[in-house]
Protein chains: 2
Amino acid sequence: MGNVDYVYPSSNDNQGGHAHQHRVAIPPPQPFIKSFKNSLKETFFPDDPLRQFKNQSPCRKLVLGLQYFLPILEWAPRYTLQFFKADLISGITIASLAIPQGISYAKLANLPPILGLYSSFIPPLVYAMMGSSRDLAVGTVAVASLLTASMLGQEVSATENPTLYLHLAFTATLFAGLLQASLGLLRLGFIVDFLSHATIVGFMAGAATVVILQQLKGVLGLEHFTHSTDIISVLRSVFSQTHEWRWESGVLGVGFLFFLLITRYFSKRRPKFFWISAMAPLTSVILGSVLVYLTHAEKHGVQVIGNLKKGLNPPSFGDLVFTSPYMITAVKTGMITGIIALAEGIAVGRSFAMFKHYHIDGNKEMVAIGTMNIVGSCFSCYLTTGPFSRSAVNFNAGCKTAMSNVVMAIAVMLTLLFLTPLFHYTPLVVLSAIIIAAMLGLIDYEAAIHLWQVDKFDFVVCMGAYVGVVFGSVEVGLVLAVAISVLRLLLFVARPKTVVLGNLPNSTHYRNVEQYQNTSNVPGVLILEIDAPIYFANSSYLRERISRWIDEEEDKLKSSGETSLQYVILDMSAVGNIDTSGITMFEEVLKTTDRRGLKLVLANPGAEVMKKLNKAKFLEKIGQEWIYLTVGEAVEACNCKLHTCKPDSTKEESQPWNNV
Amino acid sequence: MGNVDYVYPSSNDNQGGHAHQHRVAIPPPQPFIKSFKNSLKETFFPDDPLRQFKNQSPCRKLVLGLQYFLPILEWAPRYTLQFFKADLISGITIASLAIPQGISYAKLANLPPILGLYSSFIPPLVYAMMGSSRDLAVGTVAVASLLTASMLGQEVSATENPTLYLHLAFTATLFAGLLQASLGLLRLGFIVDFLSHATIVGFMAGAATVVILQQLKGVLGLEHFTHSTDIISVLRSVFSQTHEWRWESGVLGVGFLFFLLITRYFSKRRPKFFWISAMAPLTSVILGSVLVYLTHAEKHGVQVIGNLKKGLNPPSFGDLVFTSPYMITAVKTGMITGIIALAEGIAVGRSFAMFKHYHIDGNKEMVAIGTMNIVGSCFSCYLTTGPFSRSAVNFNAGCKTAMSNVVMAIAVMLTLLFLTPLFHYTPLVVLSAIIIAAMLGLIDYEAAIHLWQVDKFDFVVCMGAYVGVVFGSVEVGLVLAVAISVLRLLLFVARPKTVVLGNLPNSTHYRNVEQYQNTSNVPGVLILEIDAPIYFANSSYLRERISRWIDEEEDKLKSSGETSLQYVILDMSAVGNIDTSGITMFEEVLKTTDRRGLKLVLANPGAEVMKKLNKAKFLEKIGQEWIYLTVGEAVEACNCKLHTCKPDSTKEESQPWNNV
């Protein structure tokens, strides 16, 4: 029969797509270097950041380059008084949140409380210059603080050797910053993408649960507490010392927690009054301090912050630890906390950018966040990023640019210079209440329900992260979630879907018979669609699965006494790529079908697949005339051959299977 | 415009696929348990092994079950004298290869030479009962032997503590067998698929190179030799003691190697004389032994095997080591050698089954290979599998069933009982020559060239394995190759292809403009095809890539002054699946296009995708009327709306972009 199917029709009026006027093309060969360059570009520069540099003068290029790394140069010239008013209000609002939160999270990290204030001074200034988000409010975060405490705590005790512990925290921050900045510079930002939304939901909820459990120490006024973070150790520790519980502390804690939750609830219902919930933590701190000062509760089991040193951040580059064996712990802590903080910062920045319709370059953000941590580690700051809660307040307060971070930094600076003594009587239990209130907002059970409804596997990933964090540790949960996610990807590749296609009535379209209930099958022809790239990981499976489809089809036909199977059409539309194992699989399938007296037909192989099948000489083996542009054309050709009709026969003859 | 596009045509004669008579269907909902069971079945039982058990009586089921685990019950009743004649010849042929190879490989593993004979006696008998391959010849293999030596040798010296070393080798074999059998029983055979063809080519060539380098010790008659296997250590060790080289040994080695290669070359050219190359090793051993006996060369620096114990395998279950710290080494060695041996055995069995047109169940084979190693470890055998060289000889000799393994076992038994003293004068250098000759056949440079031509990435994987094995160690090479392979899969998922589609002239088909040179684009419409499932790992990338395509298209249109962009059609045919991150991505893309005044249109989403988009309520957001069965229909509808025509207008109007 040869190439009969490929005759070009002489007239153009046959537009039904029945005439096989198009061969499946083999893409023109490309030099190896060019295609290699292309894939490198797609892998590392998918957003084409150099696009705006094209066709510009060298001078303009320099300006654009500087603006690329220091976005402040771009927006500062256009800055107006109106913008400043908005940024001033939002800056003061987030400062009132930053001060108590900073102190709380520093306590969570087992670091001196003053570090929380230091960390809200230098890093926001750096970010204001380098960051491209207009809404991100820089500060420390609970999860990274907890992780720092648990990871460094395994090596060095914060109570027995506070100086070394402090220095290790700076070192970890330095390495976190170096990692973040280099990920950005090396355009490896996509590593963060491997933390899926489901992972983050589960992980955040788990971390929030763990942090809340840790606060039982403060709320119950306990002196001794376990160093583990898993729920079992913590509950055992809490309930083994019921006689040590202090009711004064408990009442104060529950009271302030109630106050914070009420204000949040109120602000949520009336978004105009966002500042009520934003001011609530500072109000609690002031109220609590006044209360303790007046009642001398610090003598009745209510622990207070105590003395805070006055003055700005002391330099700390001399304190960085570069000697074994401690450095390794610091590096490890830095890597893990750095990645997690980065993921939060990027996600928060992106969400608000999406909301306000501007674009954020993930890799550039990483450089900004990394730099602010590197600089921070040299000035007595520990790990900072863009926490969700603070950024949301910033957004609600109507911030316009990163200037709100500068305002916050100045407010914190004034606090550091003049107001630290006021925090002497602040009860720790208020800080615990502030943390608990913030953490309750991170347990997004609605998102988990949504995951369950839409995608069961994503729900498993989410719960894996949650259970891992709560019953194991933060690291265990993270590793578990990433492992499940990657396993899912591998499983998808290892076990691709193959579906049987049927003819949609009165059309030349062929679709999944399970999805479309009204399809009819073509006698003597089995049409399969392969739904994934064909790689070593799935080639054996596909070989077995295809023979099983053929077996099942032949059994069915035999039992119903219909025409025996003659053709197997593989729809390759969804096969994006193939490797040498995949090609070997095709050769084996071809042998099998030949032996069983069946003819193998391919429909619509893509560019990459055609290129490789051609190089591997498979096209010669199967015969170019058995490769069609669409399933419809392939079926028509098969049918033609089954009934030994000529390709120009009438449609009624060539489609006898239409069951009208 | 609403649902106007979905009116069903009243007449059936419009078969061109232009009328939008089919909506994209949402597959009927399935109970969670059912779909979960289905995916479990696809993952673990893709070959449906229980198919033949359906609709059978309980008694017949029992027989089938027994036959399933002991295939001998299936073929023995049909065994004929003619089969036996063929099996006898092939059995004797492989025995003549097994005896010298067994001794050689045992030396390679630093084990007593007699173990090579023991291992060719018990395991083949077990395999003959349980194995489903008719061509596999059981025996020890060079790579696993070398690995055993290098991994156990790190913990225990074979020369200083030979008894412990021997016991650890048995223990490693036991764990290898347990791992192999349980992989098969748990239907986890697909783990072996992750060793791709490219990995195995590179790995085998690397291992062969390393084994050949190790033979320099025997050929040059060196007494001291490095324990490392990497090329640099070995060459340094060889060339640092040039004064110790023994010319007698060298001449003998090169002479026999030449003889072996000549016979192999001859047999390859004339397949009828396969037995010449099969008998050559035994002939070399006999010739070498006679030569040494006559010339007393053992007194002139030619090392000989020495005394071999007479008698059958002594039981060794009492020797298994289950105490720390050695057990961990044994378990590790067992795991790695077990997986590698399994991969070789399965691949060899499959290749020959493919050749003779019968089917092999990989999981069943794993149970058989595992059991033979478990039993072997209790009777003084070390790790065995189905080596390629021996199985190829078996196949060429015309074996019919696994009975040839029984014949080989009996021949080895007779040797053990009566002939071991004859090996006293066998020179070690002959064994080295036999190993080198066998290993040269494993360096498949032609396969490497083929990989380079067809798939550059597979070539990189292959070279990674080779370089890792030769310059690092066998484990390093293996880990490197698997890591590169998995990275490739992840990279494929993380960076899917998106291609622009164009209209093929005189048709309603839309294809990749890079593959098909004669396509024309549709004014005002951008058609993109996404070539992979949409998962968390690629959703950010896809979002950025889609906006970049839109940017580029708008720039192009602006510079050429054409109609501005109005529609973006996403062809979803190749999107096999989606997760919640992917759905979020679509929501963001929809927001972006809305903001830019563009309309997003989906074409041909699959069953899984439609189900999830529906559950996530995305279908409501985009509007069901913007989802079409084919790109052609989507384009027609867009075009219709662009020119405010009615869907029933003539074709000339609805396809004004045809450039004839």
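Every value quoted in this text rests on a predicted model; they were computed, and no experiment measured them.

1. With respect to the overall build of chain A
When you go through chain A residue by residue, the secondary structure sums to 27 helices and six strands. Projected onto its principal axes, the C-alpha positions of chain A cover 105 × 65 × 55 Å. For chain A, with 660 residues in total, the buried portion stands at 58%. When the accessible surface of chain A is totalled, it reaches about 27,400 Å², and 63% of it is carbon and sulfur.

2. With respect to the sheet that holds strand β6 (residues 627-628) of chain B
Residues and elements named next belong to chain B. A sheet is described by the order of its strands in space; here six strands give the open sequence β2-β1-β3-β4-β5-β6, paired in mixed fashion. Lying at the two open borders of the sheet, with one neighbouring strand each, are β2 (510-512) and β6. Where strand β4 (residues 567-571) and strand β5 (residues 599-603) come together, five bridges link them in parallel fashion. Bridging from a neighbouring strand, Leu 570 pairs with Leu 602 of β5.

3. Side note on the packing of aromatic side chains
For any two aromatic rings, the description comes down to two numbers: the centre-to-centre distance and the angle of the planes. Residues and elements named next belong to chain A. One pass over the full model with this rule turns up 24 aromatic pairs over all chains. With a centroid separation of 5.2 Å and 75° between ring planes, the pair formed by Trp 452 and Phe 459 is classed as edge-to-face. Among the aromatic residues, those joined into a ring-pair cluster are Trp 75, Tyr 79 and Phe 83. Taking NZ or CZ as reference, Lys 364 lies 4.4 Å from the ring centre of Tyr 68, over its face.

4. Considering the UniProt feature "domain: STAS" (unreviewed entry) in chain A
Sequence positions flagged by UniProt for "domain: STAS" (unreviewed entry) are, in local numbering, residues 515-638 of chain A. Segment residues 515-638 of chain A splits into 51% helix and 15% strand. End C-alpha atoms: 24 Å apart.

5. Section: the pairing of strand β4 (residues 567-571) of chain A
Residue and element names in this part refer to chain A. Judged by how many residues are buried, β4 sits mostly within the fold: five of five residues are covered. Side-chain alternation along β4 places Tyr 567, Ile 569 and Asp 571 on one buried face and Val 568 and Leu 570 on a second face that is also buried. Of the pairings in the sheet, the one linking strand β3 (residues 525-530) to β4 comprises five bridges and is parallel in character. Counted as the bridge partner of Ile 527 is Ile 569 from β4. As for the winding sense of the linkage, the β-α-β connection from β4 through helix α23 (residues 580-595) to strand β5 (residues 599-603) is right-handed.

Rules used throughout
Counting restarts for each chain, with residues numbered from 1 along the sequence as it is written. A letter from A marks each chain and a number from 1 marks each ligand, given out in the order of writing. In keeping with the model being predicted, local features are shown solely for residues with a pLDDT of at least 70 and side-chain atom pairs are shown and tallied solely at 80 or more, while totals for entire chains, interfaces and linings include all residues. As a rule here, side-chain values cover all heavy atoms of the structure and leave hydrogens and water aside. In this text, helices come from DSSP runs of H or I with a minimum length of four residues, and strands from runs of E with a minimum of two, each type numbered from the N-terminal end. Only protein chains enter the calculation, and the probe is 1.4 Å; a residue is then buried if its accessible area is under 20% of its type maximum, exposed if over 50%, and partly exposed in between. For every accessible area listed, the method is Shrake-Rupley and the probe measures 1.4 Å; residues are considered covered only by the protein chains on display. Here a strand pair is declared whenever DSSP counts at least two bridges between the two strands. Two rings from Phe, Tyr or Trp (for Trp, the six-membered ring) form a pair when their centres sit within 6.5 Å of each other. Planes less than 30 degrees apart are called stacked, planes more than 60 degrees apart edge-to-face, and all others tilted. Only lysine NZ and arginine CZ atoms are considered, and such an atom sits over a ring when it is within 6 Å of the ring centre and within 35 degrees of the ring normal. UniProt positions are given in the numbering used here, feature names are shortened, and annotations may be inferred rather than shown by experiment. A clockwise path from the first strand over the helix to the second, with the strands pointing away from the viewer, defines a right-handed crossover.

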